[in-house]
Amino acid sequence: MREEITDLDFDQIKIGMKKKFTVTITESLIKKFADLTGDFNPLHMDEKYAKSTKFENRVCHGMLLGSLFSRLVGMEIPGKNALYFSQSLNFKAPCFIGEEITVQGEIIDKSLSTKMIKIKTEIHNKEDKCLVEGLAKVILRQ
């Protein structure tokens, strides 16, 4: 994981600008997220239980995936000057342990009067299936 932070100001943000990064969903990430949030639902944590569901495997917490948009906004686009205003999330398909996912964002709107940008946010698996989609609204501080 990179610790370098992007430092874009409002004028540098352009409609159509895109950023993305990949993450592999590991057992360790699932465990850390469960410990942090207290969400130990057996669909996420109990292999025997999860196998008895329609998913047939343990499913990554949807909010763990959604939380990766914080990295996208806070580190990549716009980065340092970001102040999250809102984020919608639509969970489209499950994500499983061991999957490599791509977190991506595209600037779709910006408002000079409010210094707010809108980012189309998506997470896809290796097969390019959309797992999570949403819209981030971000204010640029300066």
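Above this text you will find the structure in question.
Every chain's residues receive numbers from 1 upward, in the order its sequence appears when written. Residue-level local features of this predicted model are given only where pLDDT is at least 70; pairs of side-chain atoms are given and counted only at 80 or more, and the full residue set underlies all totals for whole chains, interfaces and linings. To get the side-chain values, all heavy atoms of the structure are used, and hydrogens and water are removed first.

1. Considering the packing of aromatic side chains
This is how it is decided: Under the pairing criterion, centres of Phe, Tyr and Trp rings, with the six-membered ring standing for Trp, must be within 6.5 Å; the plane angle then separates stacked pairs below 30 degrees from edge-to-face pairs above 60, leaving the rest tilted. A positively charged side chain is recorded as over a ring if its NZ (Lys) or CZ (Arg) lies within 6 Å of the ring centre. The angle to the ring normal must also be within 35 degrees.
The tally for this structure, following the rule as stated, stands at zero aromatic pairs. Over the aromatic face of Phe-21 sits the side chain of Arg-71, whose NZ or CZ is 3.8 Å from the ring centroid. For Lys-110, the ring lying beneath its charged end belongs to Phe-10, and the centroid distance is 4.3 Å.

2. Examining the packing of helix α1 (residues 27–37) against helix α4 (residues 62–76)
Our working rule: Here an axis means a line fitted to C-alpha atoms, over the contact stretch when the element is a helix, while the angle between two N-to-C directions is reported on a 0 to 180 degree scale. Helix and strand definitions follow DSSP, with helices as H or I runs of at least four residues and strands as E runs of at least two, each counted in order from the N terminus. Oblique is the label for every angle not falling under 35 degrees (roughly parallel), over 145 degrees (roughly antiparallel), or within 65 to 115 degrees (roughly perpendicular). Only heavy atoms matter for contacts: two residues are in contact if any of them lie within 4.5 Å across the pair. Nonpolar residues are Ala, Val, Leu, Ile, Met, Phe, Trp, Tyr, Cys and Pro. Charged residues are Asp, Glu, Lys and Arg, and all others, Gly as well, are polar.
Running from N to C, α1 and α4 point in directions that differ by 95 degrees, and their axes come no closer than 10 Å. The orientation of α1 relative to α4 falls into the category roughly perpendicular. Residues Leu-29, Ile-30 and Phe-33 of α1 pack against Met-63, Leu-64 and Ser-67 of α4. When its residues are assigned to classes, the contact of α1 with α4 shows five nonpolar, one polar and no charged.

3. Notes on α1
Each α-helix winds once per 3.6 residues, and so residues spaced three or four apart point in a common direction. Which entries qualify depends on this criterion: Accessibility here uses a 1.4 Å probe with only protein chains present; expressed as a share of the type maximum, an area under 20% marks a residue as buried, one over 50% as exposed, and anything in between as partly exposed. By construction, the arc corresponds to the directions joining the helix axis to the C-beta atoms.
Within α1 the residues assigned to the buried category are Ile-30, Phe-33 and Ala-34. The buried residues of α1 occupy an angular sector of 100 degrees when the element is viewed end-on, so they sit on one face. The exposed set on the far side of α1, more than 90 degrees from its buried face, consists of Lys-32 and Leu-36. Gly-38 sits one or two residues past α1 and shows a positive phi near 80 degrees.

4. What to know about the layout of surface pockets
Put simply, the rule reads: Here the term cavity refers to a set of points on a 1 Å grid, laid over the protein atoms alone, in which a 1.4 Å probe fits but cannot get out; the term pocket refers to an open set having protein on both sides within 12 Å along at least five of seven lines, with lining residues being those that place an atom within 4 Å of a point. Grid points are joined across faces, edges and corners, and a volume is the space filled by probe spheres set on the points.
Here the second largest pocket is characterised by a volume of approximately 150 Å³. Lining the second largest pocket are 16 residues, with Val-59, Cys-60, His-61, Gly-62 and Pro-94 sitting closest to its centre. For the lining of the second largest pocket, the secondary-structure elements that each account for two or more residues are α2 (42–45), α4 and β6 (130–140). Grouping the constituent residues of the lining of the second largest pocket by class yields 12 nonpolar, three polar and one charged.

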